[in-house]
2 protein chains.
Amino acid sequence: MAEQPEKTLFFERVAILGLGLIGGSLALALKSSGVAQHVVAFDLDQTQLELGLSSGVIDEWCESAADTVLEADLIVLAVPVMAVATVLAEIKPVLQSKSILTDVGSVKGYVLEAVEDVFGQVPENFVAGHPIAGSERHGVAASDEKLFNNHKVIITPLKSTNPEAVSAIETMWQCAGASVVMMDPAHHDQVLAQTSHLPHLLAYALIDTLSAQGDSLEIFEYAAGGLRDFSRIAASDPTMWRDIFRSNSDAVLSILNQYQHELSTLQALIEDGDFDQLSAVFARSKKARDHFSEVLARRETNKT
Amino acid sequence: MAEQPEKTLFFERVAILGLGLIGGSLALALKSSGVAQHVVAFDLDQTQLELGLSSGVIDEWCESAADTVLEADLIVLAVPVMAVATVLAEIKPVLQSKSILTDVGSVKGYVLEAVEDVFGQVPENFVAGHPIAGSERHGVAASDEKLFNNHKVIITPLKSTNPEAVSAIETMWQCAGASVVMMDPAHHDQVLAQTSHLPHLLAYALIDTLSAQGDSLEIFEYAAGGLRDFSRIAASDPTMWRDIFRSNSDAVLSILNQYQHELSTLQALIEDGDFDQLSAVFARSKKARDHFSEVLARRETNKT
């Protein structure tokens with residue numbers, strides 16, 4: 001269960017820049033929890049805006065990012081990480097000092113560099129964040145006010161970030177049902193490279209390797225648990241994942257090198273017929289996995 | 001939905017050698033569908049036998065494999081693949097010509113070689129098989145009469161196999177709710193290396209790599225979809241998987257080499273900053289995955 005925030009939080013006007021699954025779900029969550037009075041959005045794809053308005057996800061949409069953020073006390077950048085700099089440059093001329101800004105990008109170092117490029121330094125009211133939630137579905141039509149329920153959100157404030165802005169973004173995510181963790185931006189990018197970016201790369205590589213086999217349809221037909229789990233991961237959006245690898249390439253390459261070393265070690269054990277050592281690696285992995293599962297389950301139980 | 005077999009099948013006495021999840025589930029399925037009158041089992045672990053008897057999974061257990069198969073019209077080898085030769089050698093002196101034999105091992109070439117080693121040639125009443133079903137749980141206590149429902153079973157008869165025995169095993173699996181596919185043993189082992197064995201190796205390697213990181217508990221805590229799917233796979237039984245890699249090492253090494261080549265290609269694209277090409281690979285994978293999902297879904301729909 002997510003903790004109930006103690007303090008009250010209220011935004012008269014929330015601007016969502018980029019109206020997709022994440023932006024739309026946050027809009028719904030903030031409205032239904034009473035945190036947001038009026039949600040206004042902008043997106044390059046006008047059909048998303050019209051759909052968002054007609055389905056009640058948002059209250060209003062504007063023709064430009066700059067128009068959207070006028071008088072907003074909260075601005076949420078829910079665009080792809082590669083688009084953050086462009087959007088910020090558009091809103092910079094009209095940005096008011098009272099506005100708190102946050103984003104939802106998967107790579108924090110890259111986003112913070114983009115913010116710094118546009119503003120000279122990261123504004124004290126900019127709180128970088130990353131909800132660890134998603135879905136195979138995308139677009140505003142997939143919006144779900146419970147998307148963040150029992151999920152983690154990592155926020156990566158800097159020393160120079162205004163503590164009140166940090167507190168507001170923390171409370172905002174708690175009101176949306178999430179639990180919030182603070183992390184250094186570089187550490188966030190390393191952890192995500194390990195837990196999310198590398199697994200996606202491995203899954204794409206597996207599906208591509210198998211598709212190149214002559215009988216690939218047959219292969220998928222007999223896919224048991226193993227392949228089916230990988231296959232689901234490889235259904236993710238290619239453009240979004242291209243940008244994640246582009247913006248987090250150093251951390252990805254670091255863990256990828258270690259992974260390839262491990263895989264070559266296992267390959268050598270099979271080639272050399274050293275199956276007892278192979279089994280020892282399997283047992284070590286299973287033990288680690290079971291241990292972590294237990295610790296995390298216990299932690300979840302204690303929370304409720 | 002599984003097809004209903006047209007012909008009737010009835011075994012007076014079914015011998016299950018190795019009473020775990022698969023053996024126990026098959027016993028339940030055959031009894032509840034009226035295919036088996038009396039199920040008798042043997043296992044090296046007597047607690048499994050006692051548990052199986054007290055819970056009604058089996059009707060009787062014996063002190064040896066040889067005693068178990070006496071007068072059995074169906075003998076199911078549900079032991080690990082590495083134990084097949086030992087069990088067959090034990091039952092060979094008392095084996096009656098009327099008994100049909102089958103197995104449930106994950107690697108067919110290895111099993112058939114073991115059978116040949118014991119008997120000089122594969123007996124005409126031996127029909128090798130492999131149910132593509134399983135669970136993270138194991139042991140007879142996890143037995144589930146619906147375990148094979150809507151799952152595939154691959155059987156790999158030889159040219160010398162008695163067609164009536166083949167037909168009986170095919171019908172037996174259909175009565176247990178499965179759909180049956182015939183395949184050449186070597187082709188089975190290649191397909192399984194690709195769809196099951198390689199994914200398991202990749203998952204074990206990932207969990208082992210991540211566990212070696214300093215902050216591994218933290219890593220698992222932020223595990224989103226990507227890592228969670230891998231982590232589930234790596235919870236599988238290490239000894240069973242050691243034996244699968246041992247008995248199917250050639251097919252595994254073949255597809256593993258291709259996978260490593262693919263992964264190195266993706267690594268080079270990231271190192272060289274060629275993210276458009278990376279995205280093209282992702283898109284190709286996603287398209288393949290989506291295509292196969294659609295074809296298979298359509299096929300499922302047509303069946304019902």
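Residues numbered from 1 in each chain as written. Chains lettered and ligands numbered in written order. Predicted model: local features only at pLDDT ≥ 70, side-chain atom pairs only at ≥ 80, totals over all residues.

*Asks:* Could you give me a rundown of the overall build of chain A, with the residues and numbers involved?
*Replies:* A tally of helices and strands in chain A yields 12 helices and nine strands. Projected onto its principal axes, the C-alpha coordinates of chain A cover approximately 70 × 45 × 40 Å. A separation of at least 24 residues holds for 77% of the contacts in chain A among residues at least 6 apart in sequence. (Helix = DSSP H or I, 4+ residues; strand = E, 2+ residues; numbered from the N terminus. Contact = placed C-beta atoms within 7 Å.)

*Asks:* I'd love a proper account of the sheet that holds strand 3 (residues 60-61) of chain B, names of residues and values included.
*Replies:* Residues and elements named next belong to chain B. Spatially, 3-2-1-4-5-6 is the arrangement adopted by the six strands of the open sheet, whose pairing is parallel. Two strands lie at the open edges of the sheet, namely strand 3 and strand 6 (126-127), each paired on one side alone. Alignment of strand 2 (residues 36-42) against strand 3, held across two bridges, turns out to be parallel. Along strand 3, the bridge assignment pairs V40 with E60. Its contacts with the sheet place helix 1 (residues 21-32) against strand 1 (11-17), strand 2 and strand 4 (74-77), and it is angled at close to 165 degrees to strand 2. (Pairing = 2+ DSSP bridges. Axes fitted to C-alpha atoms, helices over the stretch in contact; angles between N-to-C directions.)

*Asks:* A description of unusual backbone geometry should follow, citing residues and the corresponding values.
*Replies:* What is expected of a backbone is that most residues other than glycine have negative phi and most peptide bonds are trans. Residues and elements named next belong to chain B. A positive phi is found at E71, a non-glycine position, where the angle reads about 65 degrees. Within the element layout of this structure, E71 appears in the loop between helix 3 (65-69) and strand 4. One non-glycine residue, N150, adopts positive backbone phi at about 60 degrees. Examined against the element boundaries, N150 turns out to sit in the loop between strand 7 (129-131) and strand 8 (152-155). For N150, a count of 13 C-beta atoms within 10 Å translates into the label partly exposed. (Buried ≥ 20, exposed ≤ 12 C-beta atoms within 10 Å, placed from the backbone.)

*Asks:* Can you lay out the relation of the copies chain A and chain B for me, pointing to particular residues and giving the numbers?
*Replies:* Take chain A, turn it by 180 degrees, move it 0.0 Å along the axis, and it overlays chain B with an RMSD of 0.0 Å. Within this description, the copies of the chain are treated as partners about a two-fold rotation axis. No C-alpha of chain A lies nearer the rotation axis than that of D229 of chain A, which sits 2.8 Å from it. Interface overlap between copies: 100% of the residues of chain A at the interface are likewise at the interface in chain B, consistent with a symmetric, same-surface contact. (Least-squares fit on C-alpha atoms with pLDDT ≥ 70 in both.)

*Asks:* I'd like a description of the domain arrangement of chain A, backed by residues and values.
*Replies:* All names here are of chain A. Here the domain parsing of chain A yields domain 1 (11-183) and domain 2 (188-273). Relative to domain 2, the C-alpha centre of domain 1 lies at a distance of 30 Å. With three residues, the top contributor of residues to the side of domain 1 that touches domain 2 is helix 5 (residues 108-119). Looking at side-chain class alone, the side of domain 1 that touches domain 2 contains seven nonpolar, five polar and two charged residues. (Domains from an automatic or database assignment. Nonpolar A, V, L, I, M, F, W, Y, C, P; charged D, E, K, R; others polar.)

*Asks:* Hey, could you go over the interface of chain A and chain B for me, with residue numbers and the actual values?
*Replies:* Accessible area lost upon the coming together of the parts serves often as the stated size of an interface. Contacts between the two partners involve 73 residues from chain A and, on the opposite side, 73 residues from chain B. When contributions to the side of chain A that touches chain B are tallied by element, the ones reaching two or more residues are helix 7 (185-211), helix 8 (216-221), helix 9 (225-233), helix 10 (238-247), helix 11 (249-271) and helix 12 (275-303) of chain A. The greatest single-element share of the side of chain A that touches chain B, amounting to 16 residues, is contributed by helix 7 of chain A. For the side of chain A that touches chain B, the class distribution of residues is 40 nonpolar, 19 polar and 14 charged.

*Asks:* Describe the sheet that holds strand 9 (residues 179-182) of chain B, with residues and values.
*Replies:* All names here are of chain B. Sheet architecture is open: three strands sit in the order 7-8-9, paired in mixed fashion. Unpaired on one side and paired on the other, strand 7 and strand 9 mark the two borders of the sheet. Strand after strand, the sheet turns through a mean of 20 degrees between neighbouring axes, direction not considered. Strand direction decides the pairing type here: strand 8 and strand 9, joined by four bridges, are parallel. When the bridges of strand 9 are listed, I154 appears paired with V181.

*Asks:* Quick one: what's the story with the pairing of strand 5 (residues 100-103) of chain B, residue by residue and with numbers?
*Replies:* Residues and elements named next belong to chain B. Of the two faces of strand 5, the one lined by I100 and T102 and the one lined by L101 and D103 are each fully buried. As paired strands, strand 4 and strand 5 are joined by four bridges and run parallel to one another. Its bridge partner lying in strand 5, I75 is registered against L101. Running through helix 4 (residues 84-91), the crossover from strand 4 to the neighbouring parallel element strand 5 is right-handed. In this structure, strand 5 lies alongside strand 6, joined through two bridges in parallel fashion. (Right-handed = clockwise from strand over helix to strand, strands pointing away.)

*Asks:* Can you explain helix 1 of chain B? Please cite residues and give values.
*Replies:* All names here are of chain B. Its 12 residues place the ends of helix 1 16 Å apart at the C-alpha level, agreeing with the 16 Å of an ideal helix rising 1.5 Å per residue. Buried residues of helix 1: L21, I22, G23, G24, S25, L26, A27, L28, A29 and L30, and no others. In the core, the buried residues of helix 1 are packed alongside strand 1, strand 2, helix 2 (46-54), strand 4, strand 7 and helix 6 (163-175). Taken from the residues just after helix 1, G34 is the one with a positive phi, measuring 80 degrees. (Expected span 1.5 Å × (residues − 1).)

*Asks:* Before we move on, could you go through the packing of helix 7 of chain A against helix 11 of chain A and cite the residues and values that matter?
*Replies:* Residue and element names in this part refer to chain A. Put simply, helix 7 and helix 11 touch, their axes get as near as 9 Å, and they point 60 degrees apart. In terms of axis orientation, helix 7 runs oblique to helix 11. For the crossing formed where helix 7 meets helix 11, the hand is right-handed. Here D189, Q190, A193, Q194, H197, L198 and L201 of helix 7 lie close against helix 11, whose contacting residues are A251, V252, I255, L256 and Y259. (Parallel < 35°, antiparallel > 145°, perpendicular 65-115°, else oblique. Left-handed = near helix turned anticlockwise from the far one by under 90°.)

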